Amino acid sequence: MGALAVTFVLSATTFAVSSGTAHASALYFEDGFERDPMTTWEWDMEGDGSAGFEFAAGMARTGANNGWLTGRRGGASEKRWMDTAVIPRGAGAQCAAQIWVDAPYRTTVVLEMWTPSGGLRYSGTRTVNGGNYESVSTDRWPMFGEYKMQFRIVLHGSGGASEDWVRLDDLAVLCTW
């Protein structure tokens, strides 16, 4: 619990400092794969891509559980819906997301935010150096009154001889208005 509190403070501070604007209200959402990820996370797989979870395997950044993606000539994504109905419409809200990614070597992932109607609100490519968990973050994106948003992290296989894979943990999203 202490690690989550520290993560919240650090994440909120990072997001607040990067925003450069004082805000009257905020919505903070986090998911560290600890609360039954089989019912809260979804995944897509293409080609030889695969996705899943590790439970109490000792590979999580914090807590006991984490997610993973793998693929050589295909790809996979893990995705999580979050409730944003409390954000007032037309309030000028902006959000940013952060997730921790562990890869065995330099790997590229794509971070996305989707609306319930299937609209892509944000997409950004991020590279992790590999070897340890690294924080990857989205840029800020505007909210336009959506009642929920879906965070996705996507791994596209490199088509090489070795299999690409990443472990995922500790998603945090901060929206301010």
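See the structure printed just above.
This report concerns the structure included in the present document. The shown structure was predicted, so the numbers you read here are calculated from the model rather than taken from an experiment. (Residues numbered from 1 in each chain as written. Predicted model: local features only at pLDDT ≥ 70, side-chain atom pairs only at ≥ 80, totals over all residues. Heavy atoms only, no water.)

1. Things to note about the state of the cysteines
In step 1: Considering all chains together, one arrives at one disulfide under this definition.
In step 2: Each sulfur of the disulfide joining Cys95 and Cys175 lies 2.0 Å from the other. Handedness here is read from the sign of the S-S torsion; for Cys95 and Cys175, about 110°, the answer is right-handed. Of the two residues, Cys95 sits in strand 6 (residues 94-102) while Cys175 sits in strand 12 (residues 164-176), which places them 80 residues apart along the sequence. (Disulfide = S-S within 2.5 Å. Helix = DSSP H or I, 4+ residues; strand = E, 2+ residues; numbered from the N terminus.)

2. Focus: the sheet that holds strand 5 (residues 75-83)
For sheets, the rule is that strands pair by backbone hydrogen bonds, running either parallel or antiparallel.
In step 1: Reading across from one edge, 2-5-11-7-8 is the order of the five strands in this open sheet, with antiparallel pairing throughout. The open sheet has two edge strands with one neighbour each: strand 2 (41-46) and strand 8 (120-128). Sheet twist, expressed as the mean angle between neighbouring strand axes with direction ignored, is 20°.
In step 2: As paired strands, strand 5 and strand 11 (residues 148-156) are joined by nine bridges and run antiparallel to one another. Residue pairing in the sheet places Glu78 in a bridge with Ile153 of strand 11. (Pairing = 2+ DSSP bridges. Axes fitted to C-alpha atoms, helices over the stretch in contact; angles between N-to-C directions.)

3. Regarding unusual backbone geometry
In step 1: One non-glycine residue with positive phi stands out, namely Phe33, at about 65°.
In step 2: With respect to the helices and strands, Phe33 occurs in the loop between strand 1 (26-31) and helix 2 (37-40).
In step 3: Looking at Phe33, the relative accessible area reads 0%, which means it is buried.
In step 4: Look at Ala56: it is not a glycine, yet its phi comes out positive at around 50°.
In step 5: By secondary structure assignment, the location of Ala56 is in the loop between strand 3 (50-55) and strand 4 (65-71).
In step 6: Judged by relative accessible area, which is 63%, Ala56 ranks as exposed. (Buried < 20%, exposed > 50% of the residue type's maximum accessible area, 1.4 Å probe, protein only.)

4. Some points on the environment of Leu155
In step 1: Note that Leu155 resides in strand 11.
In step 2: In this structure, Leu155 is in contact with Leu69, Thr70, Gly71, Gly74, Gly75, Ala76, Thr107, Thr108, Val109, Asp164, Trp165 and Val166, ignoring residues within four places of it in sequence. (Contact = heavy atoms within 4.5 Å.)

5. Examining the packing of aromatic side chains
Centre-to-centre distance and the angle between the planes together describe a pair of aromatic rings.
In step 1: With the rule as written, the count across this model stands at five aromatic pairs.
In step 2: Arranged with centres 6.0 Å apart and planes meeting at 50°, the rings of Phe33 and Phe53 form a pair that is tilted. Separated by 20 residues along the polypeptide, Phe33 in the loop between strand 1 and helix 2 and Phe53 in strand 3 bring together distant segments of the chain.
In step 3: Taken together, a centroid distance of 6.2 Å and an interplanar angle of 50° make the contact between Phe53 and Phe55 tilted.
In step 4: Given a relative accessible area of 11%, Phe53 falls into the buried group. (Phe/Tyr/Trp six-rings, centres within 6.5 Å; stacked < 30°, edge-to-face > 60°.)

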